[in-house]
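Chain by chain, the residues:
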Amino acid sequence: MLSKIHHVGVVVRDLEQAYGFWRDVLGLPVMVVKTVVDQDVTAALLKVGESEIELLQPLSDTSGIGKFLAKRGEGIHHLCFETDDVDAELAAAKSKGIRVIDEKPRLGLAGMICFLHPAATRGVLVEYAQPLDEEHH
Amino acid sequence: MQAKKIDHVVVATPDPTGAAATFRGHFELPPSAPITGSPALTIGQARIAFITPQGGSALAAALGGGREGLAEVCMEVTSLADAEAALRQAGIPFTVEAKGASRALAVDPSAAHGVRLTLVEGSVGA
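Summary of the structure given here. Computed from a prediction, not measured in an experiment: that's the story for all the values here. (Residues numbered from 1 in each chain as written. Chains lettered and ligands numbered in written order. Predicted model: local features only at pLDDT ≥ 70, side-chain atom pairs only at ≥ 80, totals over all residues. Heavy atoms only, no water.)

## Things to note about helix α3 (residues 86-95) of chain A
Residues and elements named next belong to chain A.
Piece 1. Within α3, burial applies to Val86, Glu89, Leu90 and Ala93. An end-on view of α3 places all buried positions within 95° of arc, on one side of the element.
Piece 2. Packing partners of the buried residues in α3 comprise β1 (2-11), β5 (75-83), β7 (111-115) and β8 (126-130).
Piece 3. In the stretch just after α3, glycine 97 is the one whose phi turns positive, near 80°. (Buried < 20%, exposed > 50% of the residue type's maximum accessible area, 1.4 Å probe, protein only. Helix = DSSP H or I, 4+ residues; strand = E, 2+ residues; numbered from the N terminus. Arc of directions from axis to C-beta. Contact = heavy atoms within 4.5 Å.)

Take a look at the structure:
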């Protein structure tokens, strides 16, 4: 079951510069900052109510996020729903014939994650995330 | 300023009813009351609104070409007056817009890292 918006992913050129607006002007606290090596990205989660804003800074031009930034500039990248069972949600999506990007969940900043293909979701890149126990917040 | 929560996100689409049905079928999200006259679904304390951008609007210009996609984040703030003061103090450009019966501050996307971000005080209704 999908319980809430876990986060909205936003691609930025520079995390430190982005904090100047999202943290300092909007007042959103930074909860976690991590570099995800296999995605060539450094990401920060900033809390807003029960959800978060995920700021994504690419570390190379050739990563997925780097290509997004080069093609479309800074902006909204994806919408992530939280679930307590990402395996079941991914299986349910497949059983409905929804095109997926990840055939099985993988470890991401928000826990175990997977992405659905935006062609199946009205142009919206949708992520499912099952936070790891110690990452629930 | 203190942003309290995401009130809703906007999926821009030429077919709001169809897009809402897609999301409802895929994600089994319950409907909520319409947001500014457009269909919406509930997810936790937030909502997803499906809106056709009005011609000539900033949202239409931002999306362009009739594409569909995630186009806006609307956050609820504790005080719109405080938010307005904070934006002015920080030199963040914004416009004041009507969102249904609510007054909203629309932050210039150039200052919000390409994100069309609106700030409201209280939940946005029909």
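## Remarks on unusual backbone geometry
Across the chain, the bulk of peptide bonds are trans and the bulk of non-glycine residues have phi less than zero.
Piece 1. Non-glycine residue A:Asp40 carries a positive phi angle of around 55°.
Piece 2. As for its placement among the helices and strands, A:Asp40 is situated in the loop between β2 (30-36) and β3 (41-48).
Piece 3. The phi dihedral of B:His113 falls on the positive side, at around 55°, and the residue is not glycine.

## Focus: the sheet that holds strand β3 (residues 38-43) of chain B
All names here are of chain B.
Piece 1. Judged by pairing direction, the sheet is mixed, and its eight strands sit side by side in the order β2-β3-β4-β1-β5-β8-β7-β6 without closing on themselves. Each having just a single partner strand, β2 (31-35) and β6 (94-99) make up the two edges of the open sheet. Each strand of the sheet is rotated relative to its neighbour by a mean of 30°, with strand direction disregarded.
Piece 2. Across eight bridges, strand β1 (residues 3-12) lies against strand β5 (residues 69-77) in antiparallel orientation. If you follow isoleucine 6 over to β5, its bridge partner there is methionine 75. (Pairing = 2+ DSSP bridges. Axes fitted to C-alpha atoms, helices over the stretch in contact; angles between N-to-C directions.)

## Section: helix α1 (residues 15-22) of chain A
Residue and element names in this part refer to chain A.
Piece 1. Listed in full, the buried residues belonging to α1 are Leu15, Ala18, Tyr19, Phe21 and Trp22. Projected down its long axis, α1 carries its buried residues within an arc of 165°, all on one side.
Piece 2. A distance of 3.1 Å separates the backbone nitrogen of glutamate 16 from a side-chain oxygen at the start of α1, and that oxygen is part of aspartate 14. (Polar contact = N/O pair within 3.5 Å; in protein donor to acceptor, adjacent residues only side chain to side chain.)

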